[in-house]
Amino acid sequence: MKMSGGVEWALHCCVVLTASNTPVPAAKLAELHDVSSSYLAKQLQSLARAGLIHSVQGKSGGYVLTRAPGSITLLDVVRAIDGPGPTFVCTEIRQRGPFATPADACTTPCPVARAMWAAEDAWRQALAAVTIADLARDVDANSGPEALVGIQTWLTSGAG
């Protein structure tokens, strides 16, 4: 299954938001990830439209998660960025060409479509089984518990 690059940026931003007790400005998220502010803004807007993050206005404004990190799944983020539509769309290729199957004989999905839909279902179930909290725990496990604490300190220090 192919996802847009925006999914990765959005997931990283959601993990970073778990490390902050205050709103994080989009510019700080962009600087932290070394990505253009305008590109990241599009991903953040998609997350906000999906209700996963909220924009807080004002001098101390920025973005915050709208729910506990344990209740936001990777599938939620993928849907927010890439949309809820299927990754595979059957075009009934079996009804084309010199050996085309007549449309009235195509009463069930073909084996290709069934296999692709099963794979997509498994992929979505796997994404739904992992939360932003899980990712944050994995960051702590892989990079040490000081990683997200260091990010939190950097976000609030005014550095950068």
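Rules behind the numbers
- Residues numbered from 1 in each chain as written.
- Predicted model: local features only at pLDDT ≥ 70, side-chain atom pairs only at ≥ 80, totals over all residues.
- Heavy atoms only, no water.
- Pairing = 2+ DSSP bridges.
- Helix = DSSP H or I, 4+ residues; strand = E, 2+ residues; numbered from the N terminus.
- Phe/Tyr/Trp six-rings, centres within 6.5 Å; stacked < 30°, edge-to-face > 60°.
- Buried < 20%, exposed > 50% of the residue type's maximum accessible area, 1.4 Å probe, protein only.
- Lys NZ or Arg CZ within 6 Å of the ring centre and 35° of its normal.
- Expected span 1.5 Å × (residues − 1).
- Arc of directions from axis to C-beta.
- Contact = heavy atoms within 4.5 Å.
- Axes fitted to C-alpha atoms, helices over the stretch in contact; angles between N-to-C directions.
- Parallel < 35°, antiparallel > 145°, perpendicular 65-115°, else oblique.

K.L.:
Would you take a moment to explain the pairing of strand 2 (residues 62-65) for this structure?
P.N.:
Along any regular strand, the residues point their side chains to alternate faces of the sheet. Relative to strand 2, strand 1 (residues 53-56) runs antiparallel, the two sharing four bridges. Pairing of Val56 across the sheet is with Gly62, part of strand 2.

K.L.:
How do you make sense of the packing of aromatic side chains when you look at a structure like this?
P.N.:
Here a ring pair, both rings aromatic, is described through the centre-centre distance and the interplanar angle of the planes. Taken as a whole and judged by the stated rule, the model has one aromatic pair. Between Phe88 and Trp117 the ring centres are 6.2 Å apart and the planes differ by 70°, which places this aromatic pair in the edge-to-face class. Linking Phe88 in the loop between helix 4 (74-82) and helix 5 (111-128) with Trp117 in helix 5, this pair joins segments that are 29 residues apart in sequence. Judged by its relative accessible area of 18%, Phe88 falls in the buried class. Across from the ring centre of Trp154, 4.0 Å away, lies the NZ or CZ of Lys28, which sits over that ring.

K.L.:
Help me understand helix 3 (residues 37-49), please; the structure alone is not making it clear to me.
P.N.:
For an α-helix, the turn length of 3.6 residues means that residues three or four places apart are oriented alike. The end-to-end C-alpha distance of helix 3, which contains 13 residues, comes to 18 Å, matching closely the 18 Å that a straight helix rising 1.5 Å per residue would cover. Burial in helix 3 covers these residues: Leu40, Gln43, Leu44, Ser46 and Leu47. The buried residues of helix 3 all sit within an arc of 155° when viewed along its axis, so they share a single face. Projecting away from the buried face of helix 3 at angles above 90 degrees are the exposed residues Ser38, Lys42 and Arg49. Packed against the buried residues of helix 3 are helix 1 (5-18), helix 2 (26-33), strand 1, strand 2 and helix 4. Just downstream of helix 3, Gly51 is the residue with a positive phi angle, here 80°.

K.L.:
Sorry, what's going on with the packing of helix 6 (residues 132-143) against helix 7 (residues 146-157) here?
P.N.:
Each packed pair of helices is defined by two parameters, the angle between the axes and the distance between the axes. It is the contact of helix 6 with helix 7, at a shortest axis distance of 7 Å, that shows an interaxial angle of 110°. Here helix 6 lies roughly perpendicular to helix 7, going by the angle between them. Judged by residue contacts, Ala136, Val139, Asp140 and Ser143 of helix 6 engage Glu146, Ala147 and Leu148 from helix 7.

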